[in-house]
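Topology and contacts: notes
Chain residues, written in single-letter form:
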Amino acid sequence: MTNEEFAKKMVEVLGGEKNILSATNCMTRLRVHLADRTENILDAVKKVEGVLGINLDGEELQIILGPGKATNVANAVNEILQKSKIKIGDGKELHEQIRAKNATPAKLFLKKIAGIFLPLIPGFIACGLITGLIGVALKISPDLADDELVKLLMVAGNAVFWGMNLFVGYNASKVFGGTPIIGGVLAALISHPALKDISFFGENLLPGRGGIISVILIAAFAAWLEKILHKIIPEMFDLFLTPMFTVLTAGAAAIFILQPIGGAISETIGAIATGAIDSGGAFVGFILAGIWLPLVMFGIHQAFTPIHVDLISRYGMTILLPILAMAGAGQVGAAAAVYFKTKNKFLKKTIASALPVGMMGVGEPLIYGVTFPLGKPFIGACIGGAFGGAVQAHAMVGAATLGISGLPLAATTNNVTVYLSGVLVAYVAGFIATWILGFEDPPEE
């Protein structure tokens with residue numbers, strides 16, 4: 001089916017246009033709120049060809065479709081709803097009310113922070129892969145470093161990181177309710193190379209200090225200030241004075257207060273992350289990778305997104321991502337064990353279709369379609385991930401991107417051989433743990 005045909009099928013099985021209150025998406029899932037959500041609807045959704053699994057988060061039904069397809073299908077569904085004169089605005093308002101009712105403030109805050117970086121992920125993936133592939137090529141043939149085309153590709157690979165503060169400032173201001181370009185301007189202000197020639201109190205200013213942590217603090221403050229200024233400045237002067245006073249006031253606060261605070265936070269995060277893995281080594285990697293899948297299930301994993309970005313900004317790579325990616329590899333091993341042990345034909349078919357995407361780093365189909373519903377295989381997946389994480393932490397493997405996992409991440413790491421060895425260890429350990437733990441084989445429907 002085309003995405004449009006698939007969307008029509010989705011609308012049909014979800015109970016028609018009037019039953020769909022809202023339809024949004026993330027990287028891999030179509031997220032819908034329904035006026036009436038029955039078991040029959042859930043069963044019908046599962047049976048649609050192309051649906052990799054479903055998950056319930058409060059009143060929200062999450063339909064796992066995979067990267068790219070989730071966005072295209074969500075757009076197509078909303079087009080159908082609009083043509084049917086369903087008030088999408090009302091649906092979105094109800095969607096927010098439901099989410100506010102069922103989510104804790106901390107969880108909502110983490111989702112807001114993660115929302116700053118979600119639009120950047122395609123850029124991270126593109127530039128990270130370019131950088132990684134060029135790195136592999138240079139290890140094979142160091143003479144390529146003098147090639148002009150290779151130099152240009154290296155610049156392309158670094159582009160998203162060079163402009164990261166500006167992108168984050170723009171998105172953060174938008175997320176916090178301010179004018180996006182003002183967030184970008186303030187990010188440019190604290191990143192400007194000319195700052196190094198300016199001194200206050202006997203010390204030169206440091207361009208880019210605090211990285212994205214400082215930018216988020218500054219964008220949040222500027223958005224708050226801008227809202228206040230809109231209320232107190234007369235309308236006839238608002239267009240001119242509000243942006244100027246926001247930039248001047250927030251800019252001063254950024255240079256003298258928020259950037260030093262952000263710098264201290266960023267340095268602390270970097271020291272803790274690198275220090276813990278450096279001193280704890282394999283043990284820390286074992287624990288982090290072992291608990292990652294439960295953190296994903298509870299939505300706490302979103303707190304790590306700004307940490308990854310900050311580590312990449314400071315060190316050129318994140319040593320956490322290769323460790324945490326092993327949880328998905330453990331999942332692959334666990335699902336493979338279920339495949340060879342189960343007699344359920346539908347379960348075998350589900351695993352056969354989900355294993356390839358699982359190996360490519362998209363783990364939701366295996367989590368919600370295989371390991372978590374069966375119980376013990378989920379534990380086996382955590383064990384497998386833990387062993388893989390120990391390998392990555394012991395060798396201090398880092399990755400120059402985020403947003404991808406599994407085998408594709410290998411090209412972006414600083415040690416491809418060790419990374420792939422860790423993936424293999426996670427596969428094997430997840431398989432063995434699940435085989436030993438066993439599971440209750442579901443009966444044929």
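Remember, it's a predicted structure, so these values are computed and weren't measured experimentally. In this numbering scheme, every chain counts its residues from 1 along its sequence in written order. With pLDDT at 70 or above as the cut-off, local features in this predicted model cover only qualifying residues; side-chain atom pairs require 80 or more to be listed or tallied, and sums for whole chains, interfaces and linings still use all residues. Hydrogen atoms and water are omitted, and side-chain values are computed over all heavy atoms in the structure.

1. Some words on the layout of surface pockets
- Only protein atoms enter the 1 Å grid used here. Points where a 1.4 Å probe fits but cannot escape make up a cavity, open sets with protein on both sides within 12 Å along at least five of seven lines make up a pocket, and a residue lines them when an atom lies within 4 Å of a point. Grid points are joined across faces, edges and corners, and a volume is the space filled by probe spheres set on the points. Approximately 1,000 Å³ is the volume found for the second largest pocket.
- As for the second largest pocket, its lining consists of 32 residues, of which K46, G53, F346, T350 and G369 are closest to the centre.
- Helix and strand definitions follow DSSP, with helices as H or I runs of at least four residues and strands as E runs of at least two, each counted in order from the N terminus. Where the lining of the second largest pocket is concerned, the elements lending two or more residues are helix 2 (39–47), strand 3 (53–57), helix 14 (345–359) and helix 15 (364–374).
- Residue polarity is assigned by list, with Asp, Glu, Lys and Arg as charged and Ala, Val, Leu, Ile, Met, Phe, Trp, Tyr, Cys and Pro as nonpolar; anything else, Gly included, falls into the polar class. Considered class by class, the residues forming the lining of the second largest pocket number 17 nonpolar, seven polar and eight charged.

2. Looking at a nonpolar patch on the surface
- A cluster of nonpolar residues, F283, F286, I287, I291, I379, I383, F387, V425 and L437, forms a patch on the protein surface that exposes about 750 Å² of accessible area.
- The greatest single-element share of the nonpolar patch, amounting to four residues, is contributed by helix 11 (residues 235–298).
- With respect to the helices and strands, L437 occurs in helix 17 (residues 416–437).
- Burial classification: accessible surface area is computed with a 1.4 Å probe over protein chains only, and a residue below 20% of its type maximum counts as buried, one above 50% as exposed, and the rest as partly exposed. Take L437: its relative accessible area is 35%, and that puts it in the partly exposed class. Two distance rules govern patches: like charges are joined within 9 Å, and nonpolar side chains (Val, Leu, Ile, Met, Phe, Trp, Tyr) within 5 Å, applied only to residues with over 30% relative accessible area and no salt bridge. For every accessible area listed, the method is Shrake-Rupley and the probe measures 1.4 Å; residues are considered covered only by the protein chains on display. Salt bridges are counted wherever a side-chain nitrogen of Lys or Arg sits within 4 Å of a carboxyl oxygen of Asp or Glu.

3. A word on empty space enclosed by the protein
- Overall, the coordinates contain two cavities of 30 Å³ or more when judged by the stated rule.
- Approximately 50 Å³ is the volume found for the second largest cavity.
- The wall of the second largest cavity is formed by A325, G328, A329, V332, G358, M359, G361, S405, G406, L407, V423 and Y427.
- Looking at the lining of the second largest cavity, the elements with two or more residues in it are helix 13 (320–341), helix 14 and helix 17.
- Looking at the lining of the second largest cavity element by element, the count peaks at four residues for helix 13.
- Taken together, the residues of the lining of the second largest cavity break down into seven nonpolar, five polar and no charged.

4. Comments concerning the packing of aromatic side chains
- Pairing of aromatic side chains requires ring centres within 6.5 Å, counting the rings of Phe and Tyr and the six-membered ring of Trp. Pairs whose planes differ by under 30 degrees are stacked, by over 60 edge-to-face, and all others tilted. Evaluation of the coordinates by the stated rule reveals nine aromatic pairs.
- Summarising the aromatic geometry, the rings of F221 and W224 are spaced 5.7 Å apart at their centres and angled 35 degrees between planes, so their arrangement reads as tilted. Of the two residues, F221 and W224 are both situated in helix 10 (residues 211–232); the distance of three residues between them amounts to about one turn of the helix.
- Plain terms: the ring middles of F372 and F378 are 5.3 Å apart, the flat faces sit at 80 degrees to each other, and that makes the pair edge-to-face.
- With relative accessibility at 11%, the residue F378 sits in the buried group.
- The structure contains a cluster of three or more aromatic residues connected by ring pairs, namely Y339, F340, F431 and W435.
- A positively charged side chain is recorded as over a ring if its NZ (Lys) or CZ (Arg) lies within 6 Å of the ring centre. The angle to the ring normal must also be within 35 degrees. The aromatic ring of W435 is capped on one face by K341, whose charged end is 4.9 Å from the ring centroid.

5. Overview of the nonpolar core
- Counting 84 residues, the largest nonpolar core has F117 and V168 as the members making the most contacts within it.
- Per element, the largest residue contribution to this core is 13 residues, and it comes from helix 11.
- Residues are treated as being in contact if the distance between any of their heavy atoms lies within 4.5 Å. Excluding anything up to four places from it in sequence, V168 contacts I116, F117, L120, I212, V215 and I216.
- Residues M10, A23, V73 and L81 belong to the second largest nonpolar core, which totals 26 residues. In this text, buried Ala, Val, Leu, Ile, Met, Phe, Trp, Tyr and Cys residues form a nonpolar core when linked through side-chain atoms within 4.5 Å.

6. What about the packing of helix 11 against helix 13?
- A fitted line through C-alpha atoms represents every axis, and for helices the fit uses only the stretch in contact; the resulting angles, taken between N-to-C directions, go from 0 to 180 degrees. In contact at an axis separation of 8 Å, helix 11 and helix 13 are set at 40 degrees when each is read in the N-to-C sense. What the angle tells us is that helix 11 and helix 13 run oblique. Here helix 11 and helix 13 pass one another in a crossing that is right-handed. Residues I277, G285, L288, A289, W292 and L293 of helix 11 touch helix 13, and the partners they reach there are L320, I323, L324, M326, A327 and Q331.
- Its residues assigned to classes, the contact of helix 11 with helix 13 comprises 10 nonpolar, two polar and no charged. For this classification, under 35 degrees means roughly parallel, over 145 means roughly antiparallel, 65 to 115 means roughly perpendicular, and everything else is oblique. Each crossing is labelled by how the near helix is turned from the far one, with a counterclockwise turn of less than a right angle marking it left-handed and a clockwise turn marking it right-handed.

7. A short note on the pattern of salt bridges
- One pass over the full model with this rule turns up three salt bridges.
- With a shortest N-O distance of 3.8 Å, E267 and R209 are connected by a salt bridge. Residue E267 is found in helix 11, and its partner R209 is found in the loop between strand 6 (203–204) and helix 10; the two are separated by 58 residues along the sequence.
- For R209, a relative accessible area of 29% gives the class partly exposed.

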